[in-house]
Amino acid sequence: MVTSFFDWRKKITALVLLIALAFGLNTASRPVQAEAASPAPGKEAIDALASNRSDSLDSAAGSSKKAKPDTVEVIATGYTAGVESTGKRPGHPQYGITYSGVKVRRDQVSTIAADTKLFPIGTLLYIPGYGYGVVADTGSAIKGKKIDLYFETIKQVYEQWGKRTVQVEVLRRGTGKLSQAWLNQINLAIEAGKPIPQTYLES
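Residues numbered from 1 in each chain as written. Predicted model: local features only at pLDDT ≥ 70, side-chain atom pairs only at ≥ 80, totals over all residues. Heavy atoms only, no water.

## Looking at the overall build of the protein
Then, in step 1: Summing up its helical and strand segments, the protein has 7 helices and 6 strands in all.
Then, in step 2: Helices and strands in the protein line up, N terminus first, as α-α-α-β-α-β-β-β-β-α-β-α-α.
Then, in step 3: Put simply, of all contacts in the protein between residues at least 6 apart along the chain, 71% involve residues at least 24 apart.
Then, in step 4: Total accessible area computed for the protein in this model is approximately 13,500 Å², and 58% of it derives from carbon and sulfur atoms. (Helix = DSSP H or I, 4+ residues; strand = E, 2+ residues; numbered from the N terminus. Contact = heavy atoms within 4.5 Å. Areas by Shrake-Rupley, 256 points an atom, 1.4 Å probe, with all protein chains shown as cover.)

## Concerning the sheet that holds strand β5 (residues 146-150)
Then, in step 1: Sheet architecture is closed into a barrel: 6 strands sit in the order β1-β5-β2-β4-β3-β6, paired in mixed fashion. In this sheet, adjacent strand axes meet at a mean angle of 45° when their direction is disregarded.
Then, in step 2: Relative to β5, strand β2 (residues 109-114) runs antiparallel, the two being bridged by 3 bridges. Looking at the pairing, Ile-112 lines up with Leu-149 of β5.
Then, in step 3: Along the sheet, helix α5 (residues 154-161) contacts β1 (70-79), β3 (124-127), β5 and β6 (164-172); its crossing angle with β1, the most-contacted strand, is approximately 135°.
Then, in step 4: Packing against the sheet, helix α6 (residues 180-189) makes contact with β2, β3, β4 (131-137) and β6, and its axis sits at approximately 135° to β2. (Pairing = 2+ DSSP bridges. Axes fitted to C-alpha atoms, helices over the stretch in contact; angles between N-to-C directions.)

## Examining the side chain of Thr-123
Then, in step 1: Turning to its location among the elements, Thr-123 is positioned in the loop between β2 and β3.
Then, in step 2: The buried category is assigned to Thr-123, whose relative accessible area is 0%.
Then, in step 3: Among the polar contacts listed, one links the side chain of Thr-123 to the backbone oxygen of Pro-120, at a separation of 2.7 Å.
Then, in step 4: One polar contact links the side chain of Thr-123 to the main-chain amide nitrogen of Gly-174, over a distance of 2.9 Å.
Then, in step 5: In contact with Thr-123, not counting residues within four places along its chain, are Gly-133, Val-134, Val-135, Val-170, Arg-172, Arg-173 and Gly-174. (Buried < 20%, exposed > 50% of the residue type's maximum accessible area, 1.4 Å probe, protein only. Polar contact = N/O pair within 3.5 Å; in protein donor to acceptor, adjacent residues only side chain to side chain.)

## Remarks on the confidence of the model for the protein
Then, in step 1: Taken as a whole, the protein shows an average pLDDT of 79; of its residues, 66% reach a score of 70 or greater.
Then, in step 2: Across residues 1-6 the pLDDT falls below 50, and counting only partners more than four positions away or on other chains, this stretch makes 2 contacts in the model.
Then, in step 3: Predicted confidence for residues 27-41 stays below pLDDT 50, and this span has 3 contacts to residues more than four positions away or in other chains. (pLDDT = per-residue confidence, 0-100.)

## Focus: the nonpolar core
The tendency in soluble globular proteins is for nonpolar side chains to be buried as a group.
Then, in step 1: Core analysis: the largest hydrophobic core is formed by 37 residues, its most contacted members being Val-109, Phe-119, Ile-127, Ile-147, Leu-149, Val-168 and Ile-186.
Then, in step 2: Of all the secondary structure elements, the ones that give two or more residues to this core are β1, β2, β3, β4, β5, α5, β6 and α6.
Then, in step 3: Not counting residues within four places of it along the chain, the set of residues in contact with Val-168 comprises Asp-70, Thr-71, Val-72, Val-74, Phe-119, Leu-125, Tyr-126, Ile-127, Pro-128 and Ile-147. (Core = buried A, V, L, I, M, F, W, Y, C linked by side-chain atoms within 4.5 Å.)

## Things to note about the pairing of β3
The side chains of a regular strand alternate, first on one face of the sheet and then on the other.
Then, in step 1: When β3 meets β4, the two strands line up antiparallel, connected through 4 bridges. Within β4, the residue paired with Leu-124 across the bridge is Val-134.
Then, in step 2: Counting the residues that bridge the hairpin from β3 to β4 gives 3 residues, and of these Gly-129 lies at a positive phi of roughly 90°.
Then, in step 3: Pairing analysis gives 3 bridges linking β3 to β6, with the strands arranged antiparallel. Paired with Tyr-126 across the strands is Glu-169, a residue of β6.

## Let's talk about the pattern of salt bridges
Then, in step 1: In total, this model carries 1 salt bridge according to the counting rule given.
Then, in step 2: A salt bridge links Asp-107 to Arg-105, with the nearest nitrogen and oxygen atoms 3.0 Å apart.
Then, in step 3: Residue Asp-107 is classed as partly exposed on the basis of its relative accessible area, which comes to 31%. (Salt bridge = Lys/Arg side-chain N within 4 Å of Asp/Glu carboxyl O.)

## A closer look at the environment of Gly-78
Then, in step 1: Residue position: Gly-78 is located in strand β1.
Then, in step 2: With sequence-adjacent residues up to four places away left out, Gly-78 is seen in contact with Asp-148, Leu-149, Phe-151, Val-157, Trp-161 and Gly-162.

## Focus: the environment of Val-134
Then, in step 1: Following the sequence through the fold, Val-134 ends up in strand β4.
Then, in step 2: Not counting chain neighbours up to four residues away, the residues in contact with Val-134 comprise Val-109, Ser-110, Thr-111, Ile-112, Gly-122, Thr-123, Leu-124, Leu-178, Trp-182 and Leu-183.

Rendered as structure tokens:
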């Protein structure tokens, strides 16, 4: 009579279970001194291990959630430092100076205006079609889910942007402050078309 491979596998599985059962009974019947010398993990130890593993899994899940930035749909328009947007002309002491105190800038990370109740000063966004923007300014017409993107000229505002509805990514929530030094550093750190270094997203 020919015995199939599957019959052998069943027999081997049964044998392994018998050995495991015998080993378990042998362990249970050990003398008390042996148990004291080498205690088997109790329920508390097993619960602690399970809890640690669960915490690790939660932590890993949390970090993967953090890896994906929040997105917010906004209406985005453009502005300049000129009188048409700010009421200031070249020569005015506050010409080109944002609400945060930094100078307006169109760069790897540009200055943008937003409602600080939604996006506090220093909030770092990725705006599709525009690039990275940091909230540095406010505006009387920029309330709620609206942002204003800095351009150097009115011609650029109309030719390169206009008015669009976009899904912006919130890469870093601002603290209400922004320094010229940080803005200069982040612009030096980013190569064209490359992502922002993680240190700037956490700082």
